[in-house]
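Working through the structure, step by step
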Amino acid sequence: NMLCFPRSLARWTRSASITVLVSQYARKFVHTPQRSPVQHVICAAAKNMPARVKVKGRPSLDDVERLARGQAASKRGTGSRGVPHRLNAEELAAFQNAKNKRYLTVKGTGQRRARRLGNNSPVVNTFRQLCDVYAWPAVLLEQGTGTDKPDVVLVDTSPTRLKDQTQLMADMVECASQLGCSVMQDAGPRPDQLPAHLQLENADSLYQPSTEQPALPDPREFEEAEANIKNQGDVVRELKASGLSNGSELVQNEVAKLLAMKQVVQELNEKIKSVQSRDDELLEMEEKNELLRLDGAIWQLQTNEVRFHCPDGRPQAQALCLALAKQFCVRQSKKAAKGRE
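Residues numbered from 1 in each chain as written. Predicted model: local features only at pLDDT ≥ 70, side-chain atom pairs only at ≥ 80, totals over all residues. Heavy atoms only, no water.

1. Things to note about the side chain of Arg58
Condition: Numbering of helices and strands starts at the N terminus; helices are DSSP runs of H or I of at least 4 residues and strands are runs of E of at least 2. Polar contact is defined as a pair of N or O atoms within 3.5 Å, subject to the rule that within protein one atom must be able to donate a hydrogen and the other to accept it, and that residues adjacent in sequence are counted only when both atoms are side-chain atoms.
Locating Arg58 in the fold gives a position in the loop between strand 3 (27-31) and helix 1 (61-68). There is a polar contact of 3.3 Å between the side chain of Arg58 and the backbone oxygen of Thr160.

What follows is the structure in structure tokens.
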């Protein structure tokens, strides 16, 4: 509660985020919500010029902190009931530490011990939201829980929302190789880290279409089939011109051959329609993925993970996390970001 005092004894000082009321009787700090400095920006590697692409799906820093406390975000759709974000005391401490270090340290994979279907790592989900605010790749240090489970450095590049992440991946692999770390062969998204809609049955086919596609028939096949139909039709007409009726066994045999040839042409036409329909579906999926990349929430995007093996143990893994965070998790000032647009 504000203390009552004469107006003449009060003076106001204002800054960007804090209003301070100073008097000889009371001092009150009023904190305003922080907004994301790069809410509409996609960033690339720190050593290169960032690519400037407008993104509407990024959350604000205030909404991420609200989700961490179990509160509703001010922007609808930032969180999801199927993707947990509320943190307990231990996870909140790890999250606050990750905000300063710019990489998250978890025991094992960060999964909670309580049984729960699907994604059950709120601290990883919340840190991914934080990385989406600043367009950072999410760098995680998964500490091994036993002698047979060494520490692993995991990097998820999906919060950058870059359409082509090949160069970013290559820069990260180069950074890791300089410290003596190598990419693990089993790198890839864990099933429990996939978005909720990708954990449903057959839902992955919407985002990872099969590379086996029916090929278009050769035009020469159509020419050959049409020529065969014409020749066979001439044979049937000659038989009927010779006086044979439709009930004749010879005519019926030749007509059956003609119908089989027409069936071949019909199958070729159906094959063309199938290929065209597949192309339309792929185009629709690409448009849907592009819309999600720009306007969707981060929990709706599939993870794009790479894991690094550090043979020298935890000190080497921590050094790699620091190097990745320093090179790729850079907070841009508004003045610098404006000058690069």
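From this point on, the discussion continues.
2. Some details on the packing of helix 5 (residues 219-241) against helix 6 (residues 249-295)
Filter applied, for reference: Note on definitions: angles span 0 to 180 degrees between N-to-C directions of axes, and those axes are lines fitted to C-alpha atoms, for helices only across the stretch in contact. For this classification, under 35 degrees means roughly parallel, over 145 means roughly antiparallel, 65 to 115 means roughly perpendicular, and everything else is oblique. For a crossing to be left-handed, the near helix must be turned anticlockwise from the far one by less than a right angle; the clockwise case is right-handed. Note on contacts: a residue pair qualifies if any of its non-hydrogen atoms lie within 4.5 Å across the two residues. Residues are grouped as follows: Ala, Val, Leu, Ile, Met, Phe, Trp, Tyr, Cys and Pro are nonpolar; Asp, Glu, Lys and Arg are charged; every other residue, Gly included, is polar.
Helix 6 packs onto helix 5 with a crossing angle of 160° between their chain directions and a minimal axis gap of 9 Å. Classified by the interaxial angle, the pair formed by helix 5 and helix 6 is roughly antiparallel. Relative to helix 6, helix 5 is oriented so that their crossing is left-handed. Where helix 5 abuts helix 6, its residues Glu221, Phe222, Ala225, Glu226, Asn228, Ile229, Gln232, Gly233, Val235, Val236, Leu239 and Lys240 lie against Leu250, Val251, Glu254, Val255, Lys257, Leu258, Met261, Lys262, Val265, Leu268, Asn269 and Ile272. The residue makeup of the contact of helix 5 with helix 6, split by class, is 14 nonpolar, 4 polar and 6 charged.

3. Observations regarding the sheet that holds strand 6 (residues 152-156)
What counts is decided by this rule: Note: two strands are recorded as paired if DSSP finds a minimum of 2 bridges between them.
Judged by pairing direction, the sheet is mixed, and its 5 strands sit side by side in the order 4-5-6-8-7 without closing on themselves. Only two strands of the sheet have a single neighbouring strand rather than two, namely strand 4 (104-107) and strand 7 (182-183). Bridge analysis of strand 6 against strand 8 (residues 305-309) gives 5 bridges, and the strand direction is antiparallel. Looking across to strand 8, one finds that Asp156 is bridged to Glu305. Helix 4 (residues 166-178) rests against strand 6, strand 7 and strand 8 of the sheet, and its axis sits at about 10° to strand 8.

4. Overview of helix 2 (residues 89-101)
What counts is decided by this rule: A helix is expected to span 1.5 Å multiplied by its residue count minus one. The classification of residues rests on relative accessible area computed with a 1.4 Å probe and restricted to protein chains. Under 20% of the type maximum is buried, over 50% is exposed, and intermediate values are partly exposed. The arc in question is traced by the directions running from the helix axis to the C-beta atoms.
In this model helix 2 runs 18 Å from its N-terminal to its C-terminal C-alpha over 13 residues, within 8% of the 18 Å that 1.5 Å per residue would give. Three or more residues of helix 2 are buried, namely Glu91, Phe95, Ala98 and Lys99. Each buried residue of helix 2 lies within a common arc of 105° when the element is viewed along its axis, so the set occupies one face. Among the exposed residues of helix 2, those pointing more than 90 degrees away from its buried face are Ala89, Glu90 and Asn100. Tucked into the core, helix 2 has its buried residues touching helix 1, strand 4 and helix 3 (122-134).

5. Comments concerning the packing of aromatic side chains
Applicable threshold: Any Phe, Tyr or Trp ring, taking Trp's six-membered ring, that has another such ring centre within 6.5 Å forms a pair; planes under 30 degrees apart are called stacked, those over 60 apart edge-to-face, and the others tilted.
Tallying each qualifying case throughout the model produces 1 aromatic pair. Centroid distance Tyr134 to Trp136: 4.7 Å. Interplanar angle 20°. Geometry classified as stacked. Tyr134 sits in the buried class, given a relative accessible area of 10%. Exposure remark for Trp136: the relative accessible area of 1% places this residue in the buried category.

6. Considerations on unusual backbone geometry
Working note: non-glycine residues mostly have negative phi, and peptide bonds are mostly trans. The phi torsion at Arg102 lies on the positive side, around 70°, for a residue other than glycine. As for its position among the elements, Arg102 is in the loop between helix 2 and strand 4. Classification of Arg102 as partly exposed rests on a relative accessible area of 26%. Here Arg161, not a glycine, exhibits a phi torsion of approximately 60°, which is positive. Structurally, Arg161 is set in the loop between strand 6 and helix 4.

7. Quick word on the pattern of salt bridges
Note the following rule: Salt bridges are identified by distance alone: a Lys or Arg side-chain nitrogen within 4 Å of an Asp or Glu carboxyl oxygen.
For the structure shown, the criterion picks out 12 salt bridges. Between Asp234 and Arg237 there is a salt bridge, with its nearest N and O atoms 2.3 Å apart. One end of the pair, Asp234, and the other, Arg237, are both in helix 5, 3 residues apart, so they sit about a helical turn from each other. Asp234 sits in the partly exposed class, given a relative accessible area of 26%.

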